Amino acid sequence: MANSTETCLPATLRRLIGRKVGPSFRSVAEIEEVPLEQPGHDQVLLRIAYAGVNGGCETFRCRGSSYTPFAANQKAEKFVLGAEASGTVVAVGEGVETLKVGDAVTCSGSGGFAEYITTSQRSCFPVKEASAEAVVLTLSGLTAAVALKATGGPLKAGERALVTAAGGATGHMGVQLALLAGCHVVAVCGSEAKAKRLRDLGVHRVINYREEDVGEVLRSEYPEGIDVAYEGVGGPLRDAVLDNLSKRGRMLVVGYISEYPHVKPDDGEAEGRRGLPPAQELFWQGKTVHIGDQTVYGNVWSGAKRQDIPAFRRELFDLHEEGRLQAWVDSRRFHGVEQVSDAIEYMLTGQAVGKVIVSF
Ligand SMILES: NC(=O)c1ccc[n+]([C@@H]2O[C@H](COP(=O)([O-])OP(=O)(O)OC[C@H]3O[C@@H](n4cnc5c(N)ncnc54)[C@H](OP(=O)(O)O)[C@@H]3O)[C@@H](O)[C@H]2O)c1
């Protein structure tokens, strides 16, 4: 039961749901129109302004891949789609102390591909403006901050840090956090458009893997190896980075998108590579593997406690507000529930610079 509500709300909302798992987001996603729910105890109702397309969640969520937290989708009658959004509070339920109607927030969890969402107050983070940039910071930025500052960190000035998918949503965050820490930053990406933006940030060495061999560049230019790698691509690129880690180097496995089920069938990889477990096991079971004095973290969140997360997020938003951290939103525009599948397919082409965002 709401205890405060904006006037003039519509009677219904439209959102994207799945009723069965399937081989792609488009094959699963359907538009559902349902009555606008009043928030219950501890809940708020948000009008979504922007939702983010997430490299991992939307490739696995729609398939209900059995080795992921989305396996329950295989048997669910219905599951909501989307992982992150920004919006405005339009109604608050009983017991909500920290938010009021009119507040701008970002939220993460399930169900961001919707015009309105009812969610718990603790999944919301108050922000100055419900912007597209706020969505970039919410999960993509936070992942990089926790990985680099807590799990594999803190980064030290002068360390050689390497980021793959460096022009992407979480990659450009990792790059900037490493630069802010005073690291020597190597950024790996797959287009000249991304390479230019990365050079403009002040990255010390950009490697466009379509033009240069990453392993060769690292062997010849970084004979002492990379101290910390923020790696989200997997496959042969991960091998090349792992082969060139420094003696006590650490690798933060943020994902393995080149091996996700949109590329490889969902029955997974038979064997691991370079002495590591298969990528899906390393990542989804969050394993930490030691190879001599080197450490590979399969769960980049493992270094932070739940209660520390708001402080990491606050720091990111402060850096952004001070103009010291850019949040890149790709220039291609997508709008409404009808265009979410287009946005996801576009992100998976690898062309996007920064985060792919859908406005509502
Ligand atoms: N652990 C977590 O909590 C967490 C959170 C956010 C993201 N992630 C992971 O981080 C990685 C990056 O995700 P993101 O959301 O920031 O996406 P993104 O980097 O904005 O987009 C994906 C990028 O990956 C690269 N890529 C390489 N091979 C690819 C392929 N076969 N298909 C599609 N893209 C390919 C492309 O860039 P280049 O060609 O320039 O390399 C592409 O632009 C993903 O593995 C994702 O699952 C994990």
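Because the structure is predicted, anything quoted here is derived from the model rather than measured. (Residues numbered from 1 in each chain as written. Predicted model: local features only at pLDDT ≥ 70, side-chain atom pairs only at ≥ 80, totals over all residues. Heavy atoms only, no water.)

Draft legend 1. How the structure looks around the site of the ligand. Near the ligand there are 27 residues, and of these Gly-190, Tyr-209, Gly-232, Tyr-260 and Trp-301 occur at the shortest range. One of the backbone nitrogen or oxygen atoms of Thr-170 is found 2.9 Å away from an oxygen atom of the ligand. The separation between an oxygen atom of the ligand and a polar side-chain atom of Tyr-209 is 2.5 Å. Here the ligand, which alone exposes 890 Å², has 90% of that area covered by the protein. Lining the shell around the ligand are residues from two domains, each supplying at least three of them: domain 1 (2-130 + 328-359) and domain 2 (139-297). (Near = heavy atom within 4 Å. Polar contact = N/O pair within 3.5 Å; in protein donor to acceptor, adjacent residues only side chain to side chain. Areas by Shrake-Rupley, 256 points an atom, 1.4 Å probe, with all protein chains shown as cover. Domains from an automatic or database assignment.)

Draft legend 2. Looking closely at the domain arrangement of the protein. What the domain assignment reports for the protein is domain 1 (2-130 + 328-359) and domain 2 (139-297). Of note, the centres of domain 1 and domain 2, computed from C-alpha atoms alone, are 28 Å apart. Contact residues are listed per partner, giving 23 residues for domain 1 and 19 residues for domain 2. Ranking the residues of domain 1 by area buried against domain 2 places Phe-60, Tyr-67 and Trp-328 at the top, with a combined share of 41%. Seen at the junction of domain 1 and domain 2, the total is 0 salt bridges. Here domain 1 and domain 2 share 4 residue pairs in polar contact (both at pLDDT 80 or more) between them. When residues of the side of domain 1 that touches domain 2 are traced back to their parent elements, those giving at least two are α2 (57-61) and α10 (340-349). Residues of the side of domain 1 that touches domain 2, tallied by class, amount to 10 nonpolar, 10 polar and 3 charged. (Contact = heavy atoms within 4.5 Å. Buried area = accessible area lost by both parts, 1.4 Å probe. Salt bridge = Lys/Arg side-chain N within 4 Å of Asp/Glu carboxyl O. Helix = DSSP H or I, 4+ residues; strand = E, 2+ residues; numbered from the N terminus. Nonpolar A, V, L, I, M, F, W, Y, C, P; charged D, E, K, R; others polar.)

Draft legend 3. Highlighting empty space enclosed by the protein. Here the structure, examined in full by the defined rule, presents 1 cavity of 30 Å³ or more. Estimated volume of the largest cavity: approximately 90 Å³. Around the largest cavity, the lining comprises 15 residues; the ones closest to its centre are Arg-238, Arg-273, Leu-276, Pro-277 and Ala-279. If you list the elements that add at least two residues to the lining of the largest cavity, you get α7 (235-242) and α8 (279-284). Considering each element in turn, the lining of the largest cavity owes the most residues, 4 residues, to α7. For the lining of the largest cavity, the per-class residue count stands at 6 nonpolar, 2 polar and 7 charged. (1 Å grid on protein atoms, 1.4 Å probe; cavity = no way out; pocket = protein on both sides within 12 Å on 5 of 7 lines; lining within 4 Å. Points joined across faces, edges and corners; volume = space filled by probe spheres on them.)

Draft legend 4. Up close: the side chain of His-172. Summarising the element assignment, His-172 is placed in helix α4 (residues 171-180). Exposure remark for His-172: the relative accessible area of 0% places this residue in the buried category. Within the structure, the side chain of His-172 is placed 2.8 Å from the backbone nitrogen of Trp-328, a separation counted as a polar contact. Ignoring sequence-local partners within four residues, the contact set of His-172 consists of Val-136, Ala-166, Gln-326, Ala-327, Trp-328 and Gly-354. (Buried < 20%, exposed > 50% of the residue type's maximum accessible area, 1.4 Å probe, protein only.)

Draft legend 5. Structural context of helix α6 (residues 214-221). Of the residues making up α6, those classed as buried are Val-214, Gly-215, Val-217 and Leu-218. Buried residues of α6, viewed axially, fall in a sector of 165°; they line one side. Opposite its buried face, α6 presents the exposed residues Glu-216 and Ser-220, each directed more than 90 degrees away. Packed against the buried residues of α6 are β10 (160-163), β11 (184-189), β12 (205-208), β13 (226-231) and α7. (Arc of directions from axis to C-beta.)

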